[in-house]
Amino acid sequence: MTCSAGVWPFSGRDSELDTVTRALRRHGVVVIAGKAGVGKSRLARELVGRAADGAGSGIVVGTESARDVPLGAFAPWLEVDGPRASDVSAIQRATDTLEAHGTSFVLRVDDAHLLDGVSATVLHHLALRRAVRLVVTVRTGEPAPDAVTALWKDDLAERIELGPLDEGQTRALVRAVLGGPVEAAAEHRLYTSSGGNVLWLRHLVDAERAAGRLVRHVDTWTLDRQPSISPALDELVAARLGRLSDDERRALELLALGEPLGLSLMHRFTSPEAVEALAERALVGLEQDGLRSELRLAHPLYGEVLRARMSPVRSRRLRSELSEALKATGGRRSGDELRRAVLALGGDAAPDPEMLLKAASQAASLTDVELAERLFRAARDVGAGFGAHIGLAQILTWLMRPDEAEAELAAATAAAADDDERAQAAATRFSLLHFVLGRPDDGRAVLDQAEQNTGSAAARTTLTAARAIAAMAENRLEDARAAASRVLTAPDTPPMALIWACWAEGLRRAVSGVGQPVGPLVRAGIEAARHTAEAATWQMNLGYAEVLDAALCAEFDRARSRVDWLREQPGPFAPPFVALYEGRIALETGRPATAVAHMDSVLPYFPGAGGGWTRMLHTIVAEGRAMLGDAEGARAALARADEAAHPGVLVFDAELELARGLLCAADGRLAEAIARANGAAAQARAVGQFATEVLARHTAVSFGDRTQPARLAELARVVEGRRVGAAHAHALALARRDVDGLVAVSRDLEDLELTVFAAEAAAQAAVIAREAGRTTDAAAAGSRAADLAERCENARTPALVASVSPLRVSDREREVIHQAARGLTNRQIADQLHVSVRTVESHIYRACSRLGLNDRTALIDALIPPRLRENSPELQ
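Residues numbered from 1 in each chain as written. Predicted model: local features only at pLDDT ≥ 70, side-chain atom pairs only at ≥ 80, totals over all residues. Heavy atoms only, no water.

A.B. asks: When you look at the overall build of the protein in this model, what are you seeing that I'm missing?
C.D. replies: Looking only at helices and strands, one finds 45 helices and 10 strands in the protein. The C-alpha atoms of the protein give a radius of gyration of 32 Å, which matches the 29 Å a tight globule of 876 residues would have. Projected onto its principal axes, the C-alpha positions of the protein cover 90 × 85 × 45 Å. Residues classed as buried in the protein amount to 57% of the 876 residues present. Relative to all contacts within the protein whose residues are 6 or more apart in sequence, the contacts with residues 24 or more apart total 69%. Accessible area of the protein: about 34800 Å², with a carbon and sulfur share of 50%. Averaging the locations of the 103 positively and 117 negatively charged side chains of the protein gives two centres separated by 2 Å. (Helix = DSSP H or I, 4+ residues; strand = E, 2+ residues; numbered from the N terminus. Rg over C-alpha atoms; globule rule 2.2 N^0.38 Å. Buried < 20%, exposed > 50% of the residue type's maximum accessible area, 1.4 Å probe, protein only. Contact = heavy atoms within 4.5 Å. Areas by Shrake-Rupley, 256 points an atom, 1.4 Å probe, with all protein chains shown as cover. Lys, Arg positive; Asp, Glu negative; His and termini not counted. Charge placed at Lys NZ, Arg CZ, Asp CG, Glu CD.)

Have a look at this one:
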């Protein structure tokens, strides 16, 4: 449920709250400092609520209107009952009044920099005498009375500097406010616009919701454009900018239109004194980029407000002036050409087609898809020809706007000057048909026709690369390997062909675990994509191939490095893929709830079949929910995965089958879960997905399957990476019922960050030790399993359930009891487990007799602890 306009939750500041809590305990006085709007007062309020704990609390607020009134802030505390000596000063009276509440009392003093001198003295006395506990907020950069600054200068208090929210904290707060998942780009837009300033974020969210632009689509909140500035926020930002001289305003406006700008370039337009004054007021910041000093606005909203208040005539003139100035410098930096083109779009001079095309390519290479589309359109409109048409077609294909893409491809084909360009257009059309429209046969027909009509070796190489990605998507790994190999060994491979071949071979290597390392392939593909406008967006697909490879190999630092790379890319399409990468890593490292949250934020970008992505995203959601014991959530996600089936993307089908096995486990149908995991392994093995096979077989081991050691030993000889060895060791220890071996494997898996598997190995050790009468070992292993499960966001799997149940029952009896806990009748349980009703009754009777229990209710209570039921919506 969403929050009302007047109430926002406290979220994203848990570590800061812990820090100020510890400081208050140490000193009895803590000062929270920060810029306007970062959330100082809210943090102080939470701290007081936590610290007071029945001891009582109060508040004093410094205000601009009361700062000239002696003791104005403390005036409410002077009106106390009881006699007082006539010669007692006002300061003493205020101090005595507060001291009477006792040393456990907590007084919050907001905006202490605005206190009058006498009130500041009272505050200082209270701190000096440790009369009450004090939580004080001050605004960074604002002058404060000496008695206030003495709090931290004289070590009477610990001063904690509170910065703006980072992107993760902003994401958490926005989700808490809206009460559900938010698309990744919407979160990114809100963060970049607010700069993590909580006050301004609140204005943005409230205004976008009121305007109907921030809306819930199915289950996820979406925002398809940069947030607009509401009148209230405009006034807040304008007040922060304050009174500006003509030179200062001109400097800020130039930065609003073209930041960052070199300091020397800025001095051509305005005086050094104006720039210095802006820097002293913290309205601009100076950054060093190599040998060049560059100026930026101190907050993104300054630019939004300045641009909104600028007249169109003034904006066009300043844009033209900036564009010409950048041209005069020779465009020495890579970003200068791009900025010149963007400025030219809104300026007075006619833009140059070649400049626009080059700039569009730069924007595409930076994955700024929206800007690239604008620039390609502008280049097309001024006659840039084939390059503009093919670049725009690829962007539109990526954005899944097929009708517009088809029109641009027709224009590109008509404008093509040779066989190589015609092959490029045909390959792009194949991509549109195969992935976006889900018509792989029509895509192949386009490639066949193009091959018949060309005699160019380079063109044939491009078409072969298209066949490589088709084969890889269709799960024909050997065909993909052969086609990619021909492309990668061809002389003078065209850039698009190189990109596609690197993706096909990189993804094949990821899921097979066999072949050359993925890293060099991905780096080569990304480097080519950065300089190939019509294929620049494939950088993100290439990056995912490396993330998947690193995850299946259990090399998560390599996966995180690829996330860090993508996080540096601008534009609204990088954040969804950052979330996709992070979601895959979270799933594999045992954070299923985080994985689900990430995938929920990505799904709005891939409507329908989503070019083949949608089914995989729902599969990961299903896996995460099943790991959490949420069988119904997993079932719903799998249903959506089935609805999003793509006829040309089958490469993740084995993982989908594995997700069905995880659902069976969440349902308590352990025998079927093992069968499904083995089915996924067989499916992967049949097509050469040996790394996926390792994952499936290891999952079967975690379900209790003791038949896996031999095949995992074979896989350990051919599959690269550290995961396969650990999976084999786990299977061997379980098959031998080796308690010590399972505990050792658990530690190894933990070191690999395979935390759910580590928890399950420890849980299996606990069960086997308990059955062998090794009580101490069982307790130690069970405690380890519980600790690891808690780190896995309270994952709930069959092994973990069994480890916390001290009663000895068979696996089949446990399956039956789990189904009963879900409220199923004996007939329904029989149908689920494919046995007779009499068999179900027999299992329940034998378990009750062995344990001395009277009925199934007592059996459920004994076998499934309350903590696990609380974590499972199905069992509540």
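A.B. asks: I'm lost on the nonpolar core in this one. Help?
C.D. replies: Proteins that are soluble and globular tend to have nonpolar side chains buried together. One finds Leu375, Met472, Trp500, Tyr544, Phe577, Leu580 and Tyr581 to be the most contacted residues of the largest nonpolar core, which totals 164 residues. Of the residues forming this core, the biggest block, 11 residues, is contributed by helix H24 (residues 495-512). Core analysis: the second largest hydrophobic core is formed by 46 residues, Trp8, Trp200, Leu255 and Met266 among them. (Core = buried A, V, L, I, M, F, W, Y, C linked by side-chain atoms within 4.5 Å.)

A.B. asks: Would you mind going over the environment of Arg560 with me for this structure?
C.D. replies: Structurally, the position occupied by Arg560 is in helix H27 (residues 556-567). For the pair Arg560 and Ile585, spaced 25 residues apart in sequence, the C-alpha to C-alpha distance is 8.0 Å. When near neighbours in sequence (up to four residues on either side) are disregarded, Arg560 contacts Ile585, Thr589 and Glu753. A distance of 3.2 Å separates polar atoms of two side chains, one belonging to Arg560 and the other to Asp557. (Polar contact = N/O pair within 3.5 Å; in protein donor to acceptor, adjacent residues only side chain to side chain.)

A.B. asks: Sorry if this is basic, but what is going on with helix H29 (residues 592-602) here?
C.D. replies: For an α-helix, 3.6 residues make a turn, and residues three or four places apart therefore share a direction. Within H29, 8 of the 11 residues are buried, which leaves the element mostly enclosed by the surrounding structure. Those residues of H29 hidden inside the fold are in contact with helix H6 (167-178), helix H7 (184-194), strand E7 (220-222), helix H28 (574-588) and helix H30 (613-627).

A.B. asks: So what exactly am I meant to see when it comes to the sheet that holds strand E2 (residues 57-61) here?
C.D. replies: Sheets are built from strands that pair by backbone hydrogen bonding, the pairs being arranged parallel or antiparallel. Across the sheet, 5 strands lie side by side as E2-E3-E4-E1-E5; this open sheet has parallel pairing. Of all the strands in the sheet, the pair left with one neighbour each is E2 and strand E5 (158-161). The average undirected angle you get between the axes of adjacent strands in this sheet is 20 degrees. Looking at chain direction, strand E1 (residues 29-34) and strand E4 (residues 133-139) are connected through 6 bridges and run parallel. Residue Val30 lies in a different strand from E4, and its bridge partner there is Val135. Strand contacts of helix H4 (residues 117-129): E1, strand E3 (106-110) and E4, with the helix running at about 135 degrees to E4, the strand carrying the most contacts. Most of the contacts of helix H5 (residues 146-153) go to E4, to which it runs at about 110 degrees, and overall it touches E1, E4 and E5. (Pairing = 2+ DSSP bridges. Axes fitted to C-alpha atoms, helices over the stretch in contact; angles between N-to-C directions.)

A.B. asks: What's the story with the packing of helix H18 (residues 386-398) against helix H20 (residues 419-436) in this structure? I'm lost.
C.D. replies: The relative placement of two packed helices is expressed as an angle between their axes plus a distance between the axes. In contact at an axis separation of 10 Å, H18 and H20 are set at 15 degrees when each is read in the N-to-C sense. On the basis of the axis angle, H18 is roughly parallel to H20. Remark: the crossing between H18 and H20 carries left-handed chirality. Taken together, the residues of H20 that come into contact with H18 (itself represented by Phe386, Ile390, Gln394 and Thr397) are Glu421, Gln424, Ala425, Thr428, Ser431, Leu432 and Val436. (Parallel < 35°, antiparallel > 145°, perpendicular 65-115°, else oblique. Left-handed = near helix turned anticlockwise from the far one by under 90°.)

A.B. asks: Quick question: what am I supposed to make of empty space enclosed by the protein here?
C.D. replies: Regions of empty space are outlined by a rolling probe, equal in size to a water molecule, passed over the atoms. In the structure shown here, the tally under the stated rule is 4 cavities of 30 Å³ or more. If you add up the space inside the largest cavity, you get close to 220 Å³. Lining of the largest cavity is provided by 21 residues; of these, Met627, Leu662, Thr699, Val756 and Phe757 occupy positions nearest its centre. Looking at the lining of the largest cavity, the elements that each hand over two or more residues are H28, H30, helix H32 (653-667), helix H34 (690-702) and helix H38 (755-771). In terms of residue count, the dominant contributor to the lining of the largest cavity is H32 (4 residues). (1 Å grid on protein atoms, 1.4 Å probe; cavity = no way out; pocket = protein on both sides within 12 Å on 5 of 7 lines; lining within 4 Å. Points joined across faces, edges and corners; volume = space filled by probe spheres on them.)

A.B. asks: Just to check I follow, could you spell out helix H31 (residues 631-643) for this structure?
C.D. replies: Across its 13 residues, H31 extends 18 Å between first and last C-alpha, which sits within 8% of the 18 Å expected from 1.5 Å per residue. Considered for burial, the residues of H31 that qualify are Ala631, Gly633, Ala634, Ala637, Leu638 and Ala641. Buried residues of H31, viewed axially, fall in a sector of 160 degrees; they line one side. Taken together, the buried residues of H31 touch H30 and H32. (Expected span 1.5 Å × (residues − 1). Arc of directions from axis to C-beta.)

A.B. asks: For this particular structure, what's the right way to read a negative patch on the surface?
C.D. replies: Residues Asp246, Asp247, Glu273, Glu276 and Glu280 make up a contiguous surface patch of negative charge. Those elements that provide at least two residues to the negative patch are helix H10 (246-258) and helix H12 (272-280). The element best represented in the negative patch is H12, accounting for 3 residues. Mapped onto the elements of the fold, Asp247 is located in helix H10. For Asp247, a relative accessible area of 31% translates into the label partly exposed. (Patch = residues over 30% accessible without salt bridge, like charges linked within 9 Å, V, L, I, M, F, W, Y side chains within 5 Å. Salt bridge = Lys/Arg side-chain N within 4 Å of Asp/Glu carboxyl O.)

A.B. asks: Is there a simple way to think about the environment of Glu815 in this case?
C.D. replies: For Glu815, the position within the fold is in helix H41 (residues 811-821). For Glu815, a relative accessible area of 5% puts it in the buried group. Glu815 sits 148 residues away from Asp667 along the chain, and the two C-alpha atoms are 8.6 Å apart. Excluding residues within four positions of it along the chain, Glu815 makes contact with Gly668, Arg669, Leu670, Ala671 and Leu833.

A.B. asks: I tried to follow the packing of aromatic side chains on my own but got confused; where do I start?
C.D. replies: Here the structure, examined in full by the defined rule, presents 12 aromatic pairs. Ring centres of Phe435 and Trp538 lie 6.5 Å apart, and the angle between their planes is 75 degrees; this geometry places the pair in the edge-to-face category. Here Trp538 lies in helix H26 (residues 538-553) and Phe435 lies in helix H20, a separation of 103 residues in the sequence. Classification of Phe435 by relative accessible area gives buried; the value is 10%. With a relative accessible area of 5%, Trp538 lands in the buried category. Taking the centre distance of 6.3 Å and the plane angle of 35 degrees together, the rings of Tyr544 and Tyr581 count as tilted. A residue pair is termed long-range when its members are at least 10 positions apart, and Tyr544 in helix H26 and Tyr581 in helix H28 qualify at 37 residues. Owing to a relative accessible area of 0%, Tyr581 belongs among the buried residues under this scheme. Lying over the aromatic face of Trp565, Arg562 brings its terminal NZ or CZ to 4.7 Å of the ring centre. (Phe/Tyr/Trp six-rings, centres within 6.5 Å; stacked < 30°, edge-to-face > 60°. Lys NZ or Arg CZ within 6 Å of the ring centre and 35° of its normal.)

A.B. asks: It is not clear to me how the side chain of Asp600 should be interpreted in this structure. Could you clarify?
C.D. replies: Mapped onto the elements, Asp600 comes out in helix H29. Owing to a relative accessible area of 15%, Asp600 belongs among the buried residues under this scheme. In this view, Asp600 contacts Pro181, Thr220, Val621 and Arg625; residues no more than four positions away in its chain are not counted.

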